[in-house]
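Analysis of the macromolecular model
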Amino acid sequence: MKKNILILLFFIVCSNSYAQETYTISGVISEKSSGETLIGVNVIFPEQQRGTVTNGYGFYSITLPTGAYDIEISYLGYQSISKKIVLTKSIKANFSLEFASELIDEVVVKSNSRIQNLQKPQMSVHKIGVSTIKEMPVVLGEVDIIKSIQLLPGVTSAGEGASGFNVRGGGEDQNLILLDEATLFSSSHLFGFFSIFNADAVKDIKLYKGGIPAKYGGRVSSVLDVRQKDGNKKEHHLTGGIGLISSRLMAEGPIKEDKSSYLIAGRGSYAHLFLKLNPETKDNTIYFYDLNTKLNFDLDEKNKLYFSGYFGRDHFNIDNLFTNSYGNQTFNVRWNHLFSDKLFSNLTLIYTEYKYFLNLDFIGFDWDSGIQNFNLKYDFKNYISDDFSLSYGLSGIHYHFNPGEITPSKSDSPIIADKLDQKYALETAVYIEAEQSLSNQFSMNYGVRISSFLRLGGQTIYGYDEDEPITFNETLGIYEEGSINQDNSTYYGRGEVIKPFYGFEPRFAMSYKPNENNAFKASYNRMFQYIHLISNTVSAAPLDVWTPSGTYVEPQILDQYAVGYFKNLKDGDYSIETEVYYKDVQNRLDYRDGANLIAQNQIETIVLSGKSRSYGLELSLKKNTGNFKGWISYTLSNTEQKVEGTTPGATGINNGNWYKSPYHKLHDISVTTSYFLNKKWRFGANFVYQSGRPVTYPNGQYTTSLNGDYAEVSSTLSVPVFSQRNEFQLPSYHHLDIAATYTPKQKKPRKWKGEWVFSIYNLYGRRNAASIDFRTNEDTGQNEAVRTSIFGFTPSFTYNFKF
Amino acid sequence: MKYIYLAITIFLFTACEDVIDLPLQEGPKRLVIDANINLDMNAVGSQEQAIRLTETTGFYETFIPPANGATVKITRKSNNDEFTFLESGTSGIYKTLSFLPIVGEVYELTVIYNDETFTAEEEMMAVANIDSTSQTTENFFGTEVIKVEHFFQDPESEEGQGNFYINQFNYPTFLIDSYGARSDDFSDGQLNSIFEQSEDFEPGEVLTLYFYGASKQYFNYFNLLQDQIQSGGPFGTPPAAVKGNCINTTNPDLKPLGYFRLSEMVKLRYTIEPIE
């Protein structure tokens, strides 16, 4: 594959040099009032059916033969610019777009739709720009990015109380979550109640469900690329909101007008104060807070420097008996450099840390765990000609995993201090990808990412008898921990390679556009994931452990195939998208029965390796224009996994048969609507319906009495007998949320702008089961099924302001 | 360490629980061998040992069907001494007064029922005696509770070995006894304790502790059992099919449920003292 690319490149370069003189037009496109660079702006030459989009830093470049051209700059939510240019030498053209008022919104949207989805071969991707973010559904008073992406086809949550999101049947840990290029290890606060992103500080979001470009790697299911705003380069502004449950405040402004700017945004919840009203819960505190910071400097025409930071924490304190706090923190520096008007580069240096702390005072211990990483990325984009561009670059990440450190929390604690083996690794990659338009109808993206993962030392790798970290006891029919063999165990020093892995990841996407309003797309990608989230629960509880591949754990390898069809109806008023995908993953881990995760030093004794597969059909219908807008998306899919026994006689999990994955959702329907009544009132409503999560129900019971006293009723324990793993489903999950926004009319335009948002989550108060548990009723002795639901009817009131 | 999941499950802010009517399918019937041989280390004279045989039944049923007419015996592996258990009426409970297990010895249980033979093997485990007991008053989630704590000395274990304990608290107002299981993983060789606290404790009432030693295999089994009984909550672990140590030698695919265990036991009756 690599050889073919090189040959193709050679011919293209040769063919270009025989053409007539070509010149490059390039520049940066920003928003007029703030100077904020805009991502994904369309720069179109309508007659030539050629165009490009601005990159993650607002930069665009296109090379065309000498001549006169009509150029059209358009971006959803902004007034388009049409110009005539004459290209007789390479020119620099920066553009400033003005925010569109509601009146001409229709026109803007129409001209965009015709171009947007159909042009590029990119499929399985959702791009959400500045103006769309503002209109996203408001839940609990503020825009929640994660809840909003769960409304898209192919994206779900694992259910009530589950944090994070699942893409096309993939696990929560299979999503690469980036904030200004820095990797985050979780995407929610308070078990999915809030997302980690402060929407006020976010400029652009891209979610790749498939057809993932070679630039990204390390996670197999999806990429969520979130970009923060740079900060208003022209004026100082304060934006924020005060609500019943949480509040936020953002300050931005120029340091040196048009040259540099800052942004600082903070957010926090205080709903736990309501707990003080109830004497039973008054000593409990539950809250989260986060801080987003940004500094950027335009050093000169060719160089820009950005500093970004993020700090977030979730905090629980139950009666001073139990304290739990965890969260992400990142800091990064980026340098944009233009080598020429055709070669854009970005160098990033990142430090990320995910920390987890738990204190259980009544037992007497403190638990500390986390991940630290240093990351270097160097990305290049070479805009070679109007129909060909090349992206390439490299990346290196150094990991330090702290699986856990236990210290006694008080002097009379029976706990002995212990530190689980620290783990280190180095993940590197190089990639190259070409974007090529072969004709007006046909374009392709093709490339490859070559990754490697070196598990490094600084620890002992244990050997086991018979080389089996997990043994299968045939007589009892159960898996057990293997016996450590000290002779086979090796100590590796810091920097020594314990085990290397290499991945060859081809990426391919193509699009065929027979006419203005239709497009067919297809894509294939292979992804490698070297670090795994070992989770014994459906939703990643903060105690779950990230573990690197090594002697006993292989990397996950995914192959995804997708085809899609896109159509614009009524000249862009409506659009239909449909995609069919198939994914299979090798080396997906799952727990053996009886596994104890807490303080487990040898992960290899509790996990078994298997495979998973997922396939589905995604459909969505959108109404893009008018006062009433929205979309309906429907996903029909199946996700399952299989763990076969590897040693003779071993049964695997579920007797080696396919069983439904915890994130399997047969049906997923989302309806999102917004209604713009007039300049004062705006309404929105969302409806979500998902099939219930797969569960294991009991199909019988028996009793046992440890003390042998069969006459004593209270000494009898009733034990449920369970069915095959995930054979049944929870009741379906659905809720309706509504929101109303009132913007008071200002008799004369004032600097202070405000709006009132009133929203209700779960309007009809459906008790969605987070789980159904089975137990013996303590009062009646009868067995019963108990449903736990979390988020009932939740109203929220927020005042948003900007000045 | 189960405390962690338990603690997280308790607090959830707007969490709401309600009993629902959920019909369940019933699986095939299986034999359950509940063989708990406990040797009260502080008692004198012979002790009656009982083994109960039942069959599985529907999850919501209240009557547990006994397995009648089976042959039950225990053999001491080292010298083939046999001890026969006889059924008491049609209760499914098989008893004997003549069985005195010895710590460290391995025993084999044999059950013949409905023309099938079932066997299990386990070692007789020791337990640490309770050295002292303390009673205190505590504030737990805003309620005043009485806490009774029993202290015991964990003997130091060799590298790779460990001691495992199971405790069971019985109290007149408890409709179901309260259980705990622990290993000496983080507290080897130290003075350990087990406790029970409740706002229902009244001076003059008796809190009975049953304290057992367990093999590592039984400890893992017991934890799986507890997971099954308490399974769920938003952080629930997927329930595993708990497999005991009994085998069906006639039809190996149809394993019986239940566990054959033997251990020393401390049975301590503590009378709640008046609060000053």
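Note that the structure is a prediction, hence the values are computed from the model and not measured.

Quick notes on the rules
- Residues numbered from 1 in each chain as written.
- Chains lettered and ligands numbered in written order.
- Predicted model: local features only at pLDDT ≥ 70, side-chain atom pairs only at ≥ 80, totals over all residues.
- Heavy atoms only, no water.
- Helix = DSSP H or I, 4+ residues; strand = E, 2+ residues; numbered from the N terminus.
- Buried < 20%, exposed > 50% of the residue type's maximum accessible area, 1.4 Å probe, protein only.
- Contact = heavy atoms within 4.5 Å.
- Areas by Shrake-Rupley, 256 points an atom, 1.4 Å probe, with all protein chains shown as cover.
- Rg over C-alpha atoms; globule rule 2.2 N^0.38 Å.
- Lys, Arg positive; Asp, Glu negative; His and termini not counted.
- Charge placed at Lys NZ, Arg CZ, Asp CG, Glu CD.
- Salt bridge = Lys/Arg side-chain N within 4 Å of Asp/Glu carboxyl O.
- Pairing = 2+ DSSP bridges.
- Axes fitted to C-alpha atoms, helices over the stretch in contact; angles between N-to-C directions.
- Core = buried A, V, L, I, M, F, W, Y, C linked by side-chain atoms within 4.5 Å.
- Patch = residues over 30% accessible without salt bridge, like charges linked within 9 Å, V, L, I, M, F, W, Y side chains within 5 Å.
- Polar contact = N/O pair within 3.5 Å; in protein donor to acceptor, adjacent residues only side chain to side chain.
- pLDDT = per-residue confidence, 0-100.
- Phe/Tyr/Trp six-rings, centres within 6.5 Å; stacked < 30°, edge-to-face > 60°.
- Lys NZ or Arg CZ within 6 Å of the ring centre and 35° of its normal.
- Expected span 1.5 Å × (residues − 1).

**Comments concerning the overall build of chain B**
Secondary structure summary: chain B contains two helices and 16 strands in total. Put simply, chain B has 276 residues, and 52% of those count as buried. If you take every contact in chain B between residues at least 6 apart in sequence, the share linking residues at least 24 apart comes to 65%. Total accessible area computed for chain B in this model is approximately 12,800 Å², and 48% of it derives from carbon and sulfur atoms.

**As for the overall build of chain A**
Along the backbone of chain A there are four helices and 55 strands. In summary, chain A has a C-alpha radius of gyration of 28 Å against a globular reference of 28 Å for 803 residues, a match within 12%. Based on the C-alpha atoms only, the size of chain A along its principal axes is roughly 95 × 65 × 50 Å. Of all 803 residues assigned to chain A, the portion counted as buried reaches 61%. The long-range share in chain A, meaning contacts at least 24 apart out of those at least 6 apart in sequence, stands at 66%. Split by element, the accessible area of chain A, about 30,700 Å² in all, is 56% carbon and sulfur. Side chains of chain A carry 79 positive and 84 negative charges; the gap between the two charge centres is 10 Å.

**Some points on the pattern of salt bridges**
Residue and element names in this part refer to chain A. Evaluation of the coordinates by the stated rule reveals 40 salt bridges over all chains. When the shortest N-O distance is used, the salt bridge between Lys203 and Asp230 registers 3.4 Å. Highlighted residues: Lys203 in strand β18 (residues 202-208) and Asp230 in the loop between β19 (222-228) and β20 (237-243), separated in sequence by 27 residues. Lys203 sits in the buried class, given a relative accessible area of 2%. Residue class for Asp230 comes out buried when judged on its relative accessible area of 4%. Connected via shared salt-bridge partners are Glu36, Asp180, Lys203, Asp230, Lys294 and Arg334.

**Here we look at the sheet that holds strand β54 (residues 783-789) of chain A**
Overall, antiparallel pairing links the three strands, which are arranged β53(A)-β54(A)-β1(B) in an open sheet. Both outer strands of the open sheet, β53 (771-776) of chain A together with β1 (16-20) of chain B, are each paired with one neighbouring strand and no more. The sheet shows a mean angle of 35° between the axes of neighbouring strands, direction not considered. As paired elements, β53(A) and β54(A) share six bridges and run antiparallel to each other. Within β54(A), the residue paired with Ser771(A) across the bridge is Thr788(A).

**Brief notes about the nonpolar core**
Residues and elements named next belong to chain A. If you look at the biggest cluster of nonpolar residues, it comprises 44 residues, and the most contacted ones within it are Phe185, Phe365, Trp367, Tyr399, Phe453, Ile531 and Trp546. Going through the elements one at a time, β23 (284-300), β24 (303-318), β25 (322-340), β26 (343-360), β27 (365-385), β28 (388-408) and β38 (531-534) are the ones with two or more residues in this core. Excluding residues within four positions of it along the chain, Ile531 makes contact with Phe185, Arg219, Tyr399, Phe401, Phe453, Trp546, Thr547 and Pro548.

**Some thoughts on a nonpolar patch on the surface**
Residue and element names in this part refer to chain A. On the surface, Leu349, Leu376, Leu394, Val430, Ile450 and Phe504 cluster together into a nonpolar patch covering about 480 Å² of accessible area. Along the chain, Leu376 falls in strand β27. Look at Leu376 and you get partly exposed, because its relative accessible area is 35%.

**A few points about a negative patch on the surface**
A surface patch of negative charge is lined by Glu199(B), Asp200(B), Glu202(B) and Glu205(B). Locating Asp200(B) in the fold gives a position in the loop between β13 (191-198) and β14 (206-214).

**A short note on the sheet that holds strand β10 (residues 143-153) of chain B**
Residue and element names in this part refer to chain B. The strand order across the open sheet built from three strands is β9-β10-β13, with neighbouring strands paired in antiparallel fashion. For this open sheet the edge positions go to β9 (130-140) and β13, each flanked by a neighbour on one side alone. Ignoring which end each strand starts from, the neighbouring axes of this sheet average 25° apart. Bridge count for β10 against β13 is eight bridges, and the pairing is antiparallel. Paired with Phe151 across the two strands is Ser193, which belongs to β13.

**Focus: unusual backbone geometry**
Despite not being glycine, Asn726(A) has its phi angle at roughly 60°, a positive value. Of note, Asn726(A) is situated in the loop between β49 (717-722) and β50 (728-729). For Asn726(A), a relative accessible area of 10% gives the class buried. In this model, Asn114(B) sits at a positive phi of 50°, which is unusual for a non-glycine residue. Relative to the helices and strands, Asn114(B) is located in the loop between β7 (106-113) and β8 (116-125). Relative accessible area serves as the criterion here: at 56%, Asn114(B) is assigned to the exposed category.

**Quick look at the environment of Pro172(B)**
Looking at the element boundaries, Pro172(B) is found in the loop between β11 (164-170) and β12 (178-183). Contacts of Pro172(B), omitting those with residues within four sequence positions, involve Glu205(B) and Val206(B).

**Concerning the side chain of Asn402(A)**
Residues and elements named next belong to chain A. Tracing the backbone shows Asn402 in strand β28. For Asn402, a relative accessible area of 16% puts it in the buried group. Other than its neighbours up to four places away in sequence, Asn402 contacts Asp368, Ser369, Gly370 and Gln422.

**Considerations on the environment of Tyr57(A)**
All names here are of chain A. Its location among the elements puts Tyr57 in the loop between β3 (50-53) and β4 (59-65). In this structure, the C-alpha to C-alpha distance between Tyr57 and Phe339, residues 282 residues apart in sequence, is 15 Å. Reaching out from Tyr57, the side chain makes a polar contact with the side chain of Asn346 at a distance of 2.9 Å.

**Observations concerning the confidence of the model for chain A**
Averaged over chain A, the pLDDT score is 86; the fraction of residues at 70 or greater is 91%. Taken as a whole, residues 103-118 of chain A scores under 50 in pLDDT and shows 44 contacts with residues more than four places along the chain or in a different chain.

**A few points about the pairing of strand β16 (residues 260-271) of chain B**
Residues and elements named next belong to chain B. In this sheet, β16 lies alongside strand β2 (residues 31-40) in parallel orientation, the contact comprising six bridges. Residue pairing across strands places Asn38 opposite Ser263, the latter belonging to β16. The pairing of β8 with β16 spans two bridges and is classified as parallel. Residue pairing in the sheet places Met125 in a bridge with Ser263 of β16. In terms of strand pairing, β14 meets β16 through seven bridges, oriented antiparallel. For Leu209, the partnering residue across the bridge sits in β16 and is Leu268.

**Comments concerning the packing of aromatic side chains**
Remark: the centre distance and the inter-plane angle together describe each pair of aromatic rings, the angle taken between the planes. Within this structure, the stated rule accounts for 60 aromatic pairs over all chains. Summarising the aromatic geometry, the rings of Phe59(A) and Tyr383(A) are spaced 5.8 Å apart at their centres and angled 65° between planes, so their arrangement reads as edge-to-face. In this pair, Phe59(A) is assigned in strand β4 and Tyr383(A) in strand β27, connecting sequence segments 324 residues apart. Exposure class is identical for Phe59(A) and Tyr383(A). Each is buried. The structure contains a cluster of three or more aromatic residues connected by ring pairs, namely Trp752(A), Trp756(A), Phe758(A), Phe797(A), Tyr799(A), Phe801(A) and Phe803(A). Stacked on the ring of Trp658(A), the Lys or Arg Arg613(A) has its end atom at 3.9 Å from the ring centre. Above the ring of Tyr218(B), the side-chain terminus of Arg261(B) is found at 5.5 Å from the ring centroid.

**Some points on the pairing of β7(B)**
Residues and elements named next belong to chain B. The pairing of strand β4 (residues 71-76) with β7 spans six bridges and is classified as antiparallel. The residue of β7 that forms the bridge with Ile74 is Leu109. In this structure, β7 lies alongside β8, joined through eight bridges in antiparallel fashion. Following the sheet pairing, Tyr107 is matched in β8 by Glu122. Between the antiparallel neighbours β7 and β8 lie two residues, among them Asn114 with a positive phi of about 50°.

**Focus on the side chain of Arg219(A)**
Residue and element names in this part refer to chain A. The topology assignment puts Arg219 in the loop between β18 and β19. Here Arg219 is buried and forms no salt bridge, its nearest opposite-charge partner Glu427 lying at an N-O distance of 5.5 Å. Sequence-distant contacts of Arg219, defined by excluding residues within four places in its chain, comprise Asp173, Gln174, Asn175, Leu176, Thr183, Phe185, Tyr399, Met527, Phe528, Gln529, Ile531 and Trp546.

**Considering helix α2 (residues 216-229) of chain B**
An ideal rise of 1.5 Å per residue puts 20 Å on 14 residues; α2(B) measures up with 20 Å between its terminal C-alpha atoms. In terms of residue burial, α2(B) counts as a mostly covered element, since ten of its 14 residues are buried.

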